[in-house]
Amino acid sequence: MSSTLISNYFREANLPHIWCPGCSNGIVTRALVKAIDELGLDKNKVTVVSGIGCSSRAPGYLDFNTLHTTHGRALAFATGLKLANPDLEVIVITGDGDVSAIGGNHLIHAARRNINITTIVFNNNIYGMTGGQYSPTTPTHALGTTAPHGNIDKPFDITQLAAAAGATYAARTTSYHVNQLIKYIKKGIENKGFSLIEAASICPTYYGRKNKSGSAVKMMEFLRDNYIDIKAYDKLPDDKKIGKETMGEFKEITLPEYTDEYLRLIENLKGAEK
Amino acid sequence: MSKNIKLMQGNEACIEAALMVGMRFYAGYPITPSTELAELSAEKLPYYGGKFIQMEDEIAGIAAAIGGSLAGLKSMTATSGPGFSLKQENIGYAMIAEVPLVIVNVQRGGPSTGLPTSPAQGDIMQAKWGTHGDHPVIALSPESVPETFELTIRAFNLAEKYRTPVMLLTDEIVGHMREKIEIPAIEEIEIFNRLKPIEGKEYLPYKIEEGDIVPRMASYGEGYRYHVTGLFHDETGFPSNSSENAELMLNHLMSKVEDNLDDIITYEEYMIEDAEFLIVAYGSTSRTARSAVKILRQEGIKVGMFRPITIWPSPEKRLREISKNIKNILVAEMNLGQYVYEIQRIVKSNSEVYHIGRANGEVLMPSEIVTKVKEVL
Amino acid sequence: MTAKDRKVIINKDWCKGCGICVAFCPKNVLALDHHDKIEVANRDACILCGQCELRCPDFAIWLGGEADE
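In this report, the structure presented in the accompanying data block is examined.

Parameters at a glance
- Residues numbered from 1 in each chain as written.
- Chains lettered and ligands numbered in written order.
- Predicted model: local features only at pLDDT ≥ 70, side-chain atom pairs only at ≥ 80, totals over all residues.
- Heavy atoms only, no water.
- Helix = DSSP H or I, 4+ residues; strand = E, 2+ residues; numbered from the N terminus.
- Rg over C-alpha atoms; globule rule 2.2 N^0.38 Å.
- Contact = heavy atoms within 4.5 Å.
- Areas by Shrake-Rupley, 256 points an atom, 1.4 Å probe, with all protein chains shown as cover.
- Lys, Arg positive; Asp, Glu negative; His and termini not counted.
- Charge placed at Lys NZ, Arg CZ, Asp CG, Glu CD.
- Pairing = 2+ DSSP bridges.
- Axes fitted to C-alpha atoms, helices over the stretch in contact; angles between N-to-C directions.
- Salt bridge = Lys/Arg side-chain N within 4 Å of Asp/Glu carboxyl O.
- Buried < 20%, exposed > 50% of the residue type's maximum accessible area, 1.4 Å probe, protein only.
- Phe/Tyr/Trp six-rings, centres within 6.5 Å; stacked < 30°, edge-to-face > 60°.
- Lys NZ or Arg CZ within 6 Å of the ring centre and 35° of its normal.
- Buried area = accessible area lost by both parts, 1.4 Å probe.
- Core = buried A, V, L, I, M, F, W, Y, C linked by side-chain atoms within 4.5 Å.
- Domains from an automatic or database assignment.

The next thing to look at is the overall build of chain A. Each helix and strand in chain A was counted, giving 12 helices and 10 strands. In summary, chain A has a C-alpha radius of gyration of 19 Å against a globular reference of 19 Å for 274 residues, a match within 12%. Projected onto its principal axes, the C-alpha coordinates of chain A cover approximately 65 × 50 × 30 Å. In chain A, the share of contacts with a sequence separation of at least 24, taken over all contacts with a separation of at least 6, comes to 68%. Within the structure as shown, chain A displays about 10400 Å² of accessible surface, and the carbon and sulfur contribution to it stands at 52%. Averaged over its 30 positive side-chain charges, chain A has a centre that lies 4 Å from the centre of its 27 negative ones.

Put into structure tokens, the structure is as follows:
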């Protein structure tokens with residue numbers, strides 16, 4: 001028994017999913033499906049690729065072409081799929097560790113190429129699948145099982161990283177602000193080029209317990225109360241910025257898309273001597 | 001019709017053959033001495049409507065090639081020692097997900113950066129055991145430019161037929177030397193294309209239809225909407241943790257190769273009819289070994305050569321049979337002793353097994369093999 | 001289906017009891033039962049805003065018609 005949206009786009013036989021109580025992965029996955037539904041995409045063309053980690057289990061639940069690859073490599077597999085068949089609507093589901101640690105190189109290069117792939121980052125600031133180790137987005141001083149004395153690393157801003165590397169659409173919101181998330185995902189898919197949408201997410205089981213963040217509800221409230229639109233944030237006096245996080249659309253430009261350019265190259269060589 | 005005779009490098013012959021057998025996707029990363037494979041693919045593929053992409057690293061090269069294959073194109077990547085090491089995890093992925101793919105390794109001196117411009121045969125055991133876990137491996141090793149052409153065709157056909165990555169283990173000598181080659185007409189080439197789902201029948205992506213060796217393969221985007229994962233999975237393609245299922249799957253992965261050895265394995269026997277002494281050599285070293293056989297024969301020594309062309313799976317049955325009549329076997333290879341262990345395992349107590357090899361970037365000379373044979377005798 | 005036919009529907013089998021829908025329901029329609037599963041405690045107060053469906057991580061609550069039950 002499920003909603004029309006779930007029964008239309010999910011492999012219901014594989015539900016309920018494996019995610020912990022209060023994990024926001026389900027919220028973000030549903031938001032993606034809602035965006036796909038609102039855009040009226042052809043299910044047979046939608047291809048969802050993931051790496052390894054909690055969020056990367058999402059494709060197994062989705063009734064599209066789905067590919068669960070190796071750790072960090074989703075964007076590289078996805079690049080092959082998209083170039084080989086540009087008619088596919090390629091969407092990558094990934095986590096903060098998957099996309100910015102082991103897969104960081106693939107992220108910046110997919111962005112640089114401006115290949116028409118939409119990447120949804122489920123950023124819960126922790127390695128959940130392996131039990132709560134700190135990731136490249138774990139805040140400084142936060143705790144993880146491999147940062148038992150507090151994290152001395154500085155975190156990445158994945159959205160700004162993608163924007164700087166050449167993504168033509170880069171936006172961040174949270175798993176609390178779901179309508180905004182759906183809107184951003186739709187814009188990302190519609191953007192002809194590389195898009196990255198970061199969903200600030202919650203992991204009550206590992207991040208939350210370790211850092212005494214409270215229940216899933218408390219963590220959702222934190223997202224609601226501390227994420228501020230980038231334009232409003234910029235106007236705040238410095239002392240009001242402390243402890244606040246930014247969300248919003250960080251980049252939205254138009255540039256030539258990689259597979260289009262390749263097809264043009266093929267077209268230009270037609271009739272020429274091999 | 002006039003014959004199409006050319007003077008070509010091994011790496012050139014590889015791409016020539018790949019294009020003829022239908023390779024339409026290449027993803028890789030530049031590495032000596034395999035770079036010509038990428039350069040020629042970049043130049044030629046667009047004329048065929050095919051796609052070339054230079055990825056950001058070796059791992060991405062094989063990952064994108066697997067993606068290309070899932071989208072329905074015959075795909076290839078190429079590399080050398082350090083890149084072969086980096087690709088190992090995704091080689092395992094292609095094996096468990098049963099994705100057809102050709103991986104060319106133009107071997108160079110190692111370990112590590114080693115001797116980038118010198119030949120070696122040091123990745124023989126890595127080809128077999130480099131990726132973790134149990135898995136079947138098909139690896140072919142050409143000794144010449146024409147054979148590089150022939151084995152590239154074979155590599156694609158085996159990859160498509162058995163839905164598995166196939167390795168072409170050449171080396172810097174075979175990759176870079178120029179030889180005369182007669183390019184066959186396209187209609188003379190046997191081409192095997194992966195079997196597609198039976199229309200109108202329910203499609204389970206990892207179910208093997210009666211009479212088939214491997215599951216039929218739909219391309220992404222054709223409407224089948226199936227799941228591919230590197231986890232153990234059942235016929236549906238979805239992950240399964242059950243040990244019974246894992247065993248079934250592993251049995252299938254192993255047996256699709258082991259039950260078809262006669263189709264997969266090829267080898268050459270050179271002057272072995274009356275031989276009392278056998279040299280085993282493969283790839284470019286077999287050229288040295290062949291010369292040594294000729295020299296020794298002129299001196300009246302009854303020596304022959306056995307050359308595995310399919311390195312993995314090894315030509316075990318035939319070599320064991322031959323070894324019954326052979327007292328001494330010398331394995332010649334450009335490493336400090338790798339395939340020799342496989343030969344020892346195969347011949348057991350039938351023959352004494354000796355080794356000659358080096359890994360300093362210098363090829364073995366016929367005279368060295370001759371001397372070694374005489375030493376043993 | 002008209003708006004008036006729509007109502008909150010729950011699949012208790014999928015509910016993991018995280019309480020997110022309860023907390024963010026603007027009209028206090030929802031509650032956790034004694035098994036920590038979601039239930040409709042005050043249906044009359046529901047304004048069919050769909051906040052629960054948006055944020056349920058387990059797809060266990062949604063607005064639908066009778067056909068979906």
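This brings us to the sheet that holds strand β13 (residues 303–308) of chain B. Residues and elements named next belong to chain B. The strand order across the open sheet built from 5 strands is β11-β13-β12-β15-β16, with neighbouring strands paired in mixed fashion. If you trace the sheet from one side to the other, it starts and ends with β11 (267–270) and β16 (352–357), each paired once. Neighbour to neighbour, the strand axes of the sheet diverge by 20° on average, direction disregarded.

Quick look at the pattern of salt bridges now. All names here are of chain B. Tallying each qualifying case throughout the model produces 40 salt bridges over all chains. A salt bridge links Lys 256 to Glu 98; its shortest N-O distance comes to 2.9 Å. With a gap of 158 residues between them, Lys 256 in helix α8 (residues 243–258) and Glu 98 in the loop between α4 (81–97) and β5 (101–109) connect regions that are remote in the sequence. Residues Lys 256 and Glu 98 agree in their burial class; the two are buried. Notably, a salt bridge pairs Glu 209 with Lys 201, separated by 2.5 Å at the nearest N-O pair.

Before going further, it helps to examine the packing of aromatic side chains. The final tally for this structure, using the stated rule, is 12 aromatic pairs over all chains. Between Tyr 176 of chain A and Phe 24 of chain C, the ring centres sit 5.2 Å apart and the planes meet at 70°, which makes this aromatic pair edge-to-face. With one member in each of two chains, Tyr 176 of chain A in the loop between β7 (169–174) and α7 (178–190) and Phe 24 of chain C in helix α1 (residues 20–24) form a pair that bridges those chains. For the pair shown, Tyr 176 of chain A and Phe 24 of chain C are each scored as buried. An aromatic cluster of at least three residues, connected via ring pairs, comprises Tyr 203, Tyr 220, Tyr 224 and Tyr 226 of chain B. Positioned above the aromatic ring of Trp 129 of chain B, the side-chain terminus of Lys 128 of chain B is 4.8 Å from the ring centre. The ring centre of Tyr 176 of chain A lies 3.9 Å from the NZ or CZ of Arg 55 of chain C, which sits over that ring.

What follows is about the interface of chain B and chain A. Contact residues are listed per partner, giving 37 residues for chain B and 42 residues for chain A. Of the roughly 3400 Å² buried between chain B and chain A on both sides combined, carbon and sulfur atoms contribute 60%. A per-residue breakdown of the area chain B buries against chain A is headed by Tyr 47, Glu 56 and Arg 225 of chain B, which together make up 23% of the total. Inspection of the chain B/chain A interface yields 2 salt bridges. Glu 56 of chain B is the partner of Arg 113 of chain A in a salt bridge, and the nearest nitrogen-oxygen pair spans 2.6 Å. With 3 bridges connecting them, strand β2 (residues 65–68) of chain A and strand β10 (residues 227–229) of chain B associate as parallel partners.

Bringing the nonpolar core into the picture now. Counting 121 residues, the largest nonpolar core has Phe 194 of chain A together with Leu 70 and Met 76 of chain B as the members making the most contacts within it. At 9 residues, the largest contribution of residues to this core is made by helix α6 (residues 145–162) of chain B. Each of domain 1 (4–188) and domain 2 (266–376) of chain B contributes no fewer than three residues to this core. If you look at the next biggest cluster of nonpolar residues, it comprises 66 residues, including Ala 58, Ile 182 and Ile 202 of chain A together with Phe 24 of chain C.

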